[in-house]
Amino acid sequence: MTRTMGFTHPTPSTTNPPSTEGGHRALELLRQWPGEHHVAVGLSGGVDSSLAAALLHEAQWAVTGVTLWLMKGRGTCCSDGLVDAAGVCEQLGAPHHILDARQTFQQEVVDVLVQGYGQGVTPLPCSRCNRHVKMAMLLDWAEREMGISRLATGHYARLRRHPGSGRMELLRGRDRRKDQSYFLYDLPQEQLEHLVFPLGELQKAETRAEARRHGLRTAAKPESQDLCLAERHGSMAAFLETHLPPRPGKIVLRDGTVVGSHGGLQHFTIGQRRGLGVAWHEPLHVVRLDGAMNHVVVAPRSEAMGTDCAVAAVNWVSIPPAAAPMEVQVQVRYRSEPVAARLIPDGATRARLVFETPQFSITPGQAAVFYGEDVLLGGGLIQREMD
């Protein structure tokens, strides 16, 4: 047993050197991390958060595992995840706690998600969950109950402090295919100050290799779906069917011509082509979900392209709110490639994006996230139109 800053640290479970370049970089950064090395680790029961805890443990941090109980049923964030999270903590010799977050998750994520779909909006629940449920509840619990001011998660993202402003900057993870900074765009500075992302330096293949090196029980665990709600119910459609009643309506062209019928706006998203049940002389895509009229509006792909969009509820992350137009790289969906755009601010929390080239499937409710190279500058929610 060794002691650092008054805290007891268990001897790491392995003395072998890191098997990967990313693992080595991660350990070096964790060992050099300024301040107290006592941390709460948010554990979902998956390989990513498990390895985050193991790397911190190996770097001689005092680790306390905590798992949020978000909902009943199967899934990596639910019953199966609780068991695996507890098992990983047992392997590391670290304490493990379960925090009941079901009511908060229902109010902040499920209810908001259902309301959005019912109004013809395609919400982005993960970013909201990260800010209002996961980070908020875990940080509050760790400080209040354990006196711990740092929280680590298994997100593929990086943090650094700007030497001039002192502001925390959020960066993409090294693995661009797994980069999860998009889902973290809404985190305030007050939370970023206390966060640690041990996996930001690793490629996903390195995560698996490092997990095997540590002998973690989750090393070979399959990847979970991006959305825990869909995983629990089998699909997003199945989830929505349990929360929203059928509301039949019309499928129409932009000019109001009726070309089909639908069973509810919640079954459609902007850009969708398959599953419309419409026979037409050319392929049609969903271009608008009209909640007031209960219409699914469709058009040819050429009419589904957009040159600009309004963004509201903007959270400026790595820089202060922009006061003048600026050139940025933008992602309008998690899986989309960043594209060049001009950002025109409209106050501190609103902006207009003008894309260099027209974009397909710009979806109200999804996030538009602004980058400068690897630095996440800020982001907000796409609106139907400027007010």
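Asks: Got a minute to help me understand the pattern of salt bridges in this structure?
Replies: Side-chain pairs of opposite charge can arise whenever the charged atoms involved come near each other. Under the counting rule described, the total for this entry stands at 27 salt bridges. The closest approach of N and O atoms between Arg-174 and Glu-201, which form a salt bridge, is 2.9 Å. Residue Arg-174 is found in the loop between strand S8 (168-172) and helix H6 (189-192), and its partner Glu-201 is found in the loop between strand S9 (195-196) and helix H7 (204-213); the two are separated by 27 residues along the sequence. By relative accessible area, Arg-174 is classed as partly exposed at 42%. Residue classification places Glu-201 among the buried residues on the basis of a relative accessible area of 8%. Among the salt bridges present, the one from Glu-223 reaches Lys-204, with a minimum N-O distance of 2.6 Å. Note that Glu-223 is positioned in the loop between H7 and helix H8 (228-233) and Lys-204 in helix H7, a separation of 19 residues in sequence. Its relative accessible area of 13% is what places Lys-204 among the buried residues.

Asks: It is not clear to me how H7 should be interpreted in this structure. Could you clarify?
Replies: Given 3.6 residues per turn, any residue in an α-helix points the same way as the ones three and four places further on. Counting buried positions along H7 gives eight out of 10 residues, so the element sits mostly inside the fold. Turning to H7, its buried residues number three or more, namely Lys-204, Glu-206, Thr-207, Arg-208, Ala-209, Glu-210, Ala-211 and Arg-213. Considering only its buried residues, H7 is in contact with helix H1 (21-32) and helix H2 (47-58). Directly after H7, the chain includes Gly-215, whose backbone phi takes a positive value near 65°.

The rules behind each value
Residues numbered from 1 in each chain as written. Predicted model: local features only at pLDDT ≥ 70, side-chain atom pairs only at ≥ 80, totals over all residues. Heavy atoms only, no water. Salt bridge = Lys/Arg side-chain N within 4 Å of Asp/Glu carboxyl O. Helix = DSSP H or I, 4+ residues; strand = E, 2+ residues; numbered from the N terminus. Buried < 20%, exposed > 50% of the residue type's maximum accessible area, 1.4 Å probe, protein only. Contact = heavy atoms within 4.5 Å.

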